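Notes for the structure review
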Amino acid sequence: MSNDIWFLDNFDFNKILCPYKFSGHVKNHPLNTYHKNEFLFMEDDPAREIILIDQGKVKVGHYDHEGNECVLAILGKGEILGQMALLGETRHHSFAEVIEEGTMVCKMSIEKAQELARDYVPFALEMNRRISGHIRKLERRIEILLFKDVKTRLVELLKDLANEYGRPRDGGIVFTHSLTQSDIAALIGTSRKSASLMLNELEDEGYIRFDRKQFFIYDLKKLEMAAIKKEHVF
């Protein structure tokens, strides 16, 4: 392998994909910074790179035959895109759109990733773990969309966001976000109006507080129980 991956002895997956973190590598590996609403790739584009999000957030989804946007996931710092190319996919089956200004990503060619996966076991194991996690998330999302009511889908989304991005504050959990109500609606498979009504209902019931930049969950367990009780009513 080439000398530009000398640091593999001290394995750090993020730093492998973002070599600019190491002094002296910035010139050889320029930063990739994107504005809000720019696309990293579109559906059917060639899958040529592994992309790691180093800062900001990216929306992943696809368009149906009528041109409607279907959001599959919102990805943030430390998450990767394009990993399925390591399993033989040659084209992207979704789009990836930046939703936070100044989002920064690091890219590695599929050829380099394949070389690493062949020759360096920790990298291969980490890629397998992340691909498995990606598949599990999609399976869980499909299950929720198929079998849960709208309010429960919203609660599950808030729970996932809290677990991934939340931090303790005032006895509850707070997390910042860059989601519009249309994004939230797309993620839970409903209309913007329904998503807005459900968010306001959860706030009126005293489970959450929210604005355009932040969500605050007073008690995550109570929020989960509220959704479970509602399911049992049906």
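Now for a look at the structure at hand. Numbering of residues starts from 1 in every chain and runs along the sequence as written. Two thresholds apply to this predicted model, a pLDDT of at least 70 for residue-level local features and 80 or more for giving and counting side-chain atom pairs, whereas whole-chain, interface and lining totals are computed over all residues. For the side-chain quantities, the full set of heavy atoms in the structure was used; hydrogens and water were omitted.

**Some thoughts on the overall build of the protein chain**
- For the protein chain, the helix and strand inventory stands at seven helices and 12 strands.
- Note on classification: 1.4 Å probe, protein chains only; a residue is buried when its accessible area is under 20% of the maximum for its type, exposed when over 50%, partly exposed between these limits. Residues classed as buried in the protein chain amount to 44% of the 234 residues present.
- For the protein chain, the accessible area works out to roughly 13100 Å², and carbon and sulfur atoms hold 51% of it. The helix count covers DSSP runs of H or I at least four residues long, the strand count covers runs of E at least two residues long, and both are numbered beginning at the N terminus. To be clear on the numbers: accessible area is Shrake-Rupley with a 1.4 Å probe, and residue cover counts the displayed protein chains and nothing else.

**What about unusual backbone geometry?**
- Phi angles above zero are rare outside glycine, and Asp44 is one such case at about 75°.
- Here Asp170, not a glycine, exhibits a phi torsion of approximately 55°, which is positive.
- With respect to the secondary-structure elements, Asp170 resides in the loop between strand S9 (167–169) and strand S10 (172–176).
- With a relative accessible area of 69%, Asp170 lands in the exposed category.

**Some words on the packing of helix H3 (residues 121–147) against helix H4 (residues 150–165)**
- Put simply, H3 and H4 touch, their axes get as near as 10 Å, and they point 155° apart. In terms of orientation, H3 lies roughly antiparallel with respect to H4. Relative to H4, the crossing made by H3 is right-handed. Between H3 and H4, the residues in contact are Lys137, Arg140, Ile144 and Leu145 and Arg153, Glu156, Lys159, Asp160 and Glu164, respectively.
- When the residues that make up the contact of H3 with H4 are grouped by side-chain class, the tally is two nonpolar, no polar and seven charged. Axis lines are fitted to C-alpha atoms, over the contacting stretch for helices. Their N-to-C directions set the angle, which ranges from 0 to 180 degrees. Any angle between 65 and 115 degrees counts as roughly perpendicular, while under 35 counts as roughly parallel, over 145 as roughly antiparallel, and the rest as oblique. A clockwise turn of the near helix away from the far one marks a right-handed crossing, whereas an anticlockwise turn of less than a right angle marks a left-handed crossing. In this description, contact between two residues means that some pair of their heavy atoms is separated by no more than 4.5 Å. Residue type decides the class: Asp, Glu, Lys and Arg count as charged, Ala, Val, Leu, Ile, Met, Phe, Trp, Tyr, Cys and Pro as nonpolar, and the leftover types, Gly among them, as polar.

**A word on the pattern of salt bridges**
- Between Lys or Arg on one side and Asp or Glu on the other, a salt bridge is scored when a side-chain nitrogen of the former is within 4 Å of a carboxyl oxygen of the latter. Following the criterion strictly, the structure yields 16 salt bridges and no others.
- A salt bridge links Glu69 to Lys59; the shortest N-O distance between them is 3.2 Å. Taken as a pair, Glu69 in strand S5 (residues 69–75) and Lys59 in strand S4 (residues 58–63) lie far apart in primary sequence, 10 residues in all.
- Judged by relative accessible area, Glu69 falls into the partly exposed class, the value being 32%.
- By relative accessible area, Lys59 is classed as buried at 7%.
- The residue Glu115 makes a salt bridge to Lys112 at a minimum N-O spacing of 3.6 Å.

**Comments concerning the sheet that holds strand S12 (residues 214–217)**
- When DSSP finds two or more bridges between two strands, those strands count as paired. With antiparallel pairing, four strands are arranged side by side in an open sheet as S9-S10-S12-S11. The open sheet has two edge strands, S9 and strand S11 (208–210), and neither has a second partner. For this sheet, the mean inter-axis angle between neighbouring strands, taken without regard to orientation, is 25°.
- Both S9 and S10 contribute to a ladder of three bridges, which runs antiparallel. Counted as the bridge partner of Arg167 is Val174 from S10.

**Regarding the environment of Asn14**
- Relative to the helices and strands, Asn14 is located in helix H1 (residues 13–17).
- Using a relative accessible area of 25% as the deciding quantity, one classes Asn14 as partly exposed.
- When the C-alpha positions of Asn14 and Glu79 are compared, they lie 9.2 Å apart, and in sequence the two are 65 residues distant.
- When sequence neighbours within four positions are dropped, the list of residues in contact with Asn14 reads Leu52, Gly78 and Arg130.

**Observations regarding the pairing of strand S3 (residues 49–55)**
- Counting buried positions along S3 gives five out of seven residues, so the element sits mostly inside the fold.
- Pairing between S3 and strand S8 (residues 103–109): six bridges, direction antiparallel. Bridged to Leu52 within S8 is Cys106.
- Of the strand pairs in this sheet, S3 and strand S6 (residues 80–81) are connected by two bridges, and their pairing is antiparallel. Residue pairing across strands places Leu52 opposite Ile80, the latter belonging to S6.

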